[in-house]
Amino acid sequence: NSSPSICSPISKRQCVTDYALSSQQATVQKSKPKLDSGVNPLGYTASALQVETLGKLRSNAMSGRFLVVLPCSSGKSYYYQHFAKQPNTMLILAQPFVSLVQQSAADAVKLSITTKLGAGVPLKSVVSSQGILVLSSFDRLHHMSTLAKQAIAEGLQLVVCMDEVHALLDSVERTNGFRTFQAFWTFMASLEGYDVLLFAT
């Protein structure tokens, strides 16, 4: 099905698909109420579909598992950029390839999103006015387990975004020659006992 959709979970292990809006409704609708005025950090007005999806993610901000399925170039970065700018929030963005991580880091600089952690500085003090974006490739994601648990221990909202998750699915099916991304599964297992917002795009 080519329609944009949001997969909204019943539990950590069950998921039902909830079609958000039709393709025609996904265009910008100026009359529709918007979260945060509907303005993307990049300066363009968010579409109705983006506003609807962000609303679903925000309503489950402390705990939830979501799969966001949208067409290419439809502005999926809007969601993780939103959370990365929220005070007292750490967003871990995992992407399958180093080239994507480098592009996301460059975009973060343009948007004045913090991506650097100071050695020995409590996370709480780093994110008091604006959140932080922590970038990782799938291959190195297991290195983020301790940092994620530290954020939870310090009372921060932890949000994890798995970008381009189809690469992970392809690696499991072993159809396209991708690596198995063992570090991804190690990281996921380390967070199993914690309530965090996790969404994949």
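Refer to the structure above for everything that follows.
Residues numbered from 1 in each chain as written. Predicted model: local features only at pLDDT ≥ 70, side-chain atom pairs only at ≥ 80, totals over all residues. Heavy atoms only, no water.

## Regarding the overall build of the chain
Thought 1: When helices and strands are tallied, the chain shows seven helices and seven strands.
Thought 2: Mapped in sequence order, the helices and strands of the chain form the string β-β-α-β-α-β-α-α-β-α-β-α-α-β.
Thought 3: Across the 201 residues of the chain, 43% fall into the buried class.
Thought 4: Considering only contacts within the chain whose residues lie at least 6 apart along the sequence, 70% involve residues at least 24 apart. (Helix = DSSP H or I, 4+ residues; strand = E, 2+ residues; numbered from the N terminus. Buried < 20%, exposed > 50% of the residue type's maximum accessible area, 1.4 Å probe, protein only. Contact = heavy atoms within 4.5 Å.)

## A look at the packing of aromatic side chains
Thought 1: The tally for this structure, following the rule as stated, stands at four aromatic pairs.
Thought 2: Centre to centre, the rings of Y78 and Y79 are 5.6 Å apart; their planes meet at 75 degrees, and the pair counts as edge-to-face. Y79 matches Y78 in its accessibility class, with the two residues each being buried.
Thought 3: An aromatic cluster is defined as three or more aromatic residues linked by ring pairs; in this entry it consists of F138, F184 and W185. (Phe/Tyr/Trp six-rings, centres within 6.5 Å; stacked < 30°, edge-to-face > 60°.)

## As for helix α2 (residues 77-84)
Thought 1: Among the eight residues that make up α2, seven are buried, leaving the element largely enclosed by the rest of the structure.
Thought 2: What α2 keeps buried is the set Y78, Y79, Y80, Q81, H82, F83 and A84.

## Let's talk about the nonpolar core
Thought 1: Counting residues in hydrophobic clusters, the biggest one holds 26 residues, and the most contacted among them are M90, I92, L141, L158, V160, M162 and F187.
Thought 2: When contributions to this core are tallied by element, the ones reaching two or more residues are β4 (89-95), β5 (132-137), α5 (145-153), β6 (157-162), α7 (182-190) and β7 (197-200).
Thought 3: In contact with F187, other than residues within four places in its own chain, are I92, L141, H142, M144, S145, A148, V160 and M162.
Thought 4: The next biggest cluster of nonpolar side chains, apart from the first, holds 25 residues, and it includes V51, Y79, V101 and I113. (Core = buried A, V, L, I, M, F, W, Y, C linked by side-chain atoms within 4.5 Å.)

## Considering the pairing of β7
Along a regular strand, successive side chains alternate from one face of the sheet to the other.
Thought 1: Because side chains alternate across β7, one face comprises the buried residues L197 and F199, and the other comprises L198 and A200, equally buried.
Thought 2: Sheet topology note: the strand β3 (residues 64-69)/β7 ladder contains four bridges and is parallel. What sits directly across from G64, in β7, is L197. (Pairing = 2+ DSSP bridges.)

## Looking at the packing of helix α1 (residues 48-58) against α2
Helix-helix packing: each pair is described by the crossing angle between the helix axes and the interaxial distance.
Thought 1: In the contact formed by α1 and α2, the axes pass within 10 Å of each other and the chain directions differ by 45 degrees. Accordingly, the angle class assigned to the pair α1 and α2 is oblique. In this structure, α1 meets α2 at a crossing whose hand is right-handed. Here L49, Q50, T53, L54, L57 and R58 of α1 lie close against α2, whose contacting residues are Y78, Y79, H82 and F83. (Axes fitted to C-alpha atoms, helices over the stretch in contact; angles between N-to-C directions. Parallel < 35°, antiparallel > 145°, perpendicular 65-115°, else oblique. Left-handed = near helix turned anticlockwise from the far one by under 90°.)

## Some words on the side chain of T89
Thought 1: Mapped onto the elements, T89 comes out in strand β4.
Thought 2: Taking the relative accessible area as the measure of exposure, T89 reaches 1% and is therefore buried.
Thought 3: At 3.1 Å, the side chain of T89 forms a polar contact with the backbone oxygen of P87.
Thought 4: If we ignore the near neighbours within four places in the chain, the residues touching T89 are F83, V127, G131, I132, Q157 and V159. (Polar contact = N/O pair within 3.5 Å; in protein donor to acceptor, adjacent residues only side chain to side chain.)

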